[in-house]
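Survey of secondary and tertiary structure
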Amino acid sequence: MIKISFLYSNTALVNVMSSSKFQLWGGCFEEEPSSVLRRLNDSLPVDFRLFREDIQGSRAWAEELFQSHHLSANDNLAIQKGLDSVEKEIEQELTENGKLKDAEEDIHSVIECRLFKHSGDAAFRLHTARSRNDQSATDTRLWMLASLPKLTSAIVELITVLATRAENEIDIISAGYTHLQRAQPVRWSHFLLSHAWALRDDVTRLEEQRSRLSRCPLGSGALAGCALTIDRKRLALNLGFDDITPNSMFAVGSRDHLVEFFNWASLCALHLSRLAEDLIIYSSQEYGIVRFSDQFSTGSSLMPQKRNPDGQELIRGAAGLFLGEAFGFSCVLKGLPSTYNKDLQSDKELLFRTYDRLLDCLKISAGSIRTMKVNIDRALNSLEPGMLATDLAHMLVRRGVPFRKAHHLVGTALLRATNLGLDLRNLPYSEYIAICPEFGTEEELKAVFSWEASVEQYTSSGGTARKAVINQLEILHIWLQKYNKECTV
Amino acid sequence: MRKNYVALIVIHKSKFQLWGGCFEEEPSSVLRRLNDSLPVDFRLFREDIQGSRAWAEELFQSHHLSANDNLAIQKGLDSVEKEIEQELTENGKLKDAEEDIHSVIECRLFKHSGDAAFRLHTARSRNDQSATDTRLWMLASLPKLTSAIVELITVLATRAENEIDIISAGYTHLQRAQPVRWSHFLLSHAWALRDDVTRLEEQRSRLSRCPLGSGALAGCALTIDRKRLALNLGFDDITPNSMFAVGSRDHLVEFFNWASLCALHLSRLAEDLIIYSSQEYGIVRFSDQFSTGSSLMPQKRNPDGQELIRGAAGLFLGEAFGFSCVLKGLPSTYNKDLQSDKELLFRTYDRLLDCLKISAGSIRTMKVNIDRALNSLEPGMLATDLAHMLVRRGVPFRKAHHLVGTALLRATNLGLDLRNLPYSEYIAICPEFGTEEELKAVFSWEASVEQYTSSGGTARKAVINQLEILHIWLQKYNKECTV
């Protein structure tokens, strides 16, 4: 019996190995796939990047098979050692060549093929009761769990840069704009922090995804589950997951964690793009409020004087790409039948592209802002008396004039000033009193025309008065400390 | 005298305008068509009044408004709310000439409360006012989406419980893969929707921040207690930075992205069911309530409900993408580009609620054809089971996979399938296929599904376990709804 099975085993072995590549399927196929199909189908140029996670998953899978008595101790040992060797050799080849030259269609096939060279027949037992559906779904989640924290760190770094500048530049007052028209004086730091708060929420949003991401799909098989009895929970915990996926069909077909990530990345990118827009405008010569360092500017091949905020421009443009990737991947999923369909393969290509680009954008943003210079005089020059119109209205309000009327009265004063070729500050006192006696004494009126007095009105929480800005900084610092503690733990 | 003169100026214009003191001409009518948001934002009248009530109250508490003026405003707002309610019930829209609901309400308030009305907008801007209105509306409305999703999950779970004996084909790449319990398939969709409920709730902490007191961008020029005001309005917290508060629409981006993902789930469920409803599959049949016919072909019975849901996913994606595009590279604080938020919000919300209800209704009333479900099963789908049989006898899986592949090829060449391929053929390929009885025992759908006993699998026990977890989760929601 043993002899016969040995004979058949050899025959089967020969069948497997006589193909020019190691293929995980094909027993009932007569022809090879067309080469143009292979070009679109083969994912190795993309998924080689998951080699560590695939090996990590396979180590745990073999261990679980052993623990559940479906794999002998010897075979498990051979597989574990073989996987160690495969990991080292792939690492080395990637360092030398930047890619793998294997003929196999994907990293899973590559690794199993190489494993056979190290571990022999034991390699053929690795994929017992497993499918690439649950295997690769697990690999992607492992990669995301390991990589996403780097994005968190990069965002925390950018927030730190903004908060540090805000702390140092709290005395600078400049125009605050709405509709990009000069609105009211604000502290420059208040503007910087408005962006920091948006980014802080991005960190929270990323963390909220973790509980859903940290579910191990292994043991879902192709779609029906695991045909052999295993302890999925033990396996999941061994791999560092918090939980298991609750339904095998859901597990192999769901890419919700990727949709969430892409949508999240596009929102984070929107924040970076709005900050970029602001700074690009402020860097124009007409505004002249900021100037980027040489490190984060580029010149023109034609015009010698040019100094372009390319770093910020690339970030602003990248937001469009993030949106496209998020939208594109959602389109892939739209109306897709249950469980696994090959359409889903594009997930990794987009994942890596989005992740890499976002990390770069965050770093460029932090670097640009850390090294930019603020022109305090130009910031002050952006202020003009008309921007104190609201303050004049509030002056009337404090004297009992209903706001609605105060608003129109000041509007009348503005019109009058324009007609006389003046501004609110040099409009004669007599003109004011003619419009409304509640404008007070000449000294009181004059006292309104102070940028510091203006910003210091806004003492309520979230406002632009010094106290309120310092309060924002305190809250942010406490929050940042929490993140730095967690990073060093 | 002068005060009267000013009052005349305000009222002489054919409409009540919150701005214009320094303008000489009226805006062009084509600009008004694009700019006027009343046709959209009238829907926020309750929230705007609610916000104004709280704003007036806070001004009073902070000594910027007299008790008399506050009372006049509160009473006036009550009257305005009633009259708008009535007009909307009768006409479906408002005929006021003002550009937006904020102007409409202040104008009408003047008719009831007189000069006190002119004190309402003290230290406030439409920037923080309307941002607050939208958040109030979302906080009140989003729970209805949660309820609708919970209802759909309940429908799926109920069917799954009742139909646990039905076995049908499970597909991957839409090719027959392995036998699964029909209930396992239903629950795969229920689990996706459960996560949607969680995701919606996660948005609440960021949504429930009150922008009031942010003014136009710089904050509140008069001292008020923003926290007290926020809590009075039912918010959990205040926005931390006034420039961020007036310019951020992140809660809308999150909502649109969330809605598009929920819609993707509905579209995938729809795709499955539409395919299963085709005559070739014939596994489900939708009720008359959720089907439509053809104006030409008398026999036609179309799963239109599901088709509309599947198509709607495209619209949700477009709205989410479109609004994100609006925000891309937009300067800080408020810009008029942001006005389109409400139009998209209402459209997305209304449509999603309808889709969820249609989905629940279709699935609740559809019929499953148990025979056709069984007919979708064929012996080739037990190929993996044969491979596992060899594995249990010590054959390495990689080899077992190819051996069964060989058997499949052989069967095809003989014009047979795996079940009627002669035993002798099997043994010739590999003796580990066991005895003839053992081989025969593999060809049982029940035996096949019952292998998958591990958590999340399709064996009866594993499916029942999923149902138990879902029931506990559903109970929590039903309790919360009745509280």
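Residues numbered from 1 in each chain as written. Chains lettered and ligands numbered in written order. Predicted model: local features only at pLDDT ≥ 70, side-chain atom pairs only at ≥ 80, totals over all residues. Heavy atoms only, no water.

Here we look at the packing of aromatic side chains
The full count for this structure, using the stated rule, is 29 aromatic pairs over all chains. Ring centres of B:Trp137 and B:Phe346 lie 4.9 Å apart, and the angle between their planes is 70°; on these two criteria the pair is classed as edge-to-face. Of this pair, B:Trp137 sits in helix α7 (residues 126-162) while B:Phe346 sits in helix α14 (residues 340-365), and the two are 209 residues apart along the sequence. One exposure class covers both B:Trp137 and B:Phe346, and it is buried. Taken together, the aromatic side chains of A:Tyr177, A:Trp188, A:Phe191, A:Tyr282 and A:Tyr287 make up a single cluster linked through ring pairs. The ring of A:Phe352 carries the charged tip of A:Arg49 above its face, separated from the ring centre by 4.6 Å. (Phe/Tyr/Trp six-rings, centres within 6.5 Å; stacked < 30°, edge-to-face > 60°. Helix = DSSP H or I, 4+ residues; strand = E, 2+ residues; numbered from the N terminus. Buried < 20%, exposed > 50% of the residue type's maximum accessible area, 1.4 Å probe, protein only. Lys NZ or Arg CZ within 6 Å of the ring centre and 35° of its normal.)

Topic: the environment of A:Leu480
Residue and element names in this part refer to chain A. Along the chain, the position of Leu480 falls in helix α21 (residues 466-488). Leu480 sits in the buried class, given a relative accessible area of 5%. Placed 19 residues apart in sequence, Leu480 and Ser461 show a C-alpha to C-alpha distance of 20 Å. If we ignore the near neighbours within four places in the chain, the residues touching Leu480 are Val156, Ile159, Thr160 and Ala163. (Contact = heavy atoms within 4.5 Å.)

A look at the pattern of salt bridges
In this structure the tally under the stated criterion is 77 salt bridges over all chains. The partner of A:Arg370 in a salt bridge is A:Glu157, and the shortest N-O contact between them spans 2.7 Å. Taken together, the residues span a long stretch of sequence, with A:Arg370 in helix α14 (residues 346-371) and A:Glu157 in helix α7 (residues 132-168) at a distance of 213 residues. Classification of A:Glu157 as partly exposed rests on a relative accessible area of 36%. One salt bridge connects B:Glu378 with B:Arg176, and the closest N-O pair in it is separated by 3.3 Å. With a gap of 202 residues between them, B:Glu378 in the loop between α15 (370-375) and α16 (383-392) and B:Arg176 in strand β2 (residues 175-181) connect regions that are remote in the sequence. (Salt bridge = Lys/Arg side-chain N within 4 Å of Asp/Glu carboxyl O.)

Focus on the domain arrangement of chain A
Residue and element names in this part refer to chain A. The domain boundaries assigned to chain A delineate domain 1 (18-24 + 32-128), domain 2 (134-213 + 221-381) and domain 3 (385-457). Computed over C-alpha atoms, the centres of domain 1 and domain 2 are 33 Å apart. Between domain 1 and domain 2, the contact holds 21 residues from the first and 21 residues from the second. For the pair domain 1 and domain 2, the summed buried surface comes to about 2000 Å²; carbon and sulfur atoms form 60% of the total. The largest per-residue losses of area from domain 1 upon contact with domain 2 belong to Arg49, Leu50 and Glu64, which jointly make up 29% of the total buried on that side. At the boundary of domain 1 and domain 2, one finds two salt bridges. The shortest N-O distance in the salt bridge between Arg234 and Glu64 comes to 2.9 Å. Where domain 1 packs against domain 2, one counts eight residue pairs in polar contact (both at pLDDT 80 or more). (Domains from an automatic or database assignment. Buried area = accessible area lost by both parts, 1.4 Å probe. Polar contact = N/O pair within 3.5 Å; in protein donor to acceptor, adjacent residues only side chain to side chain.)

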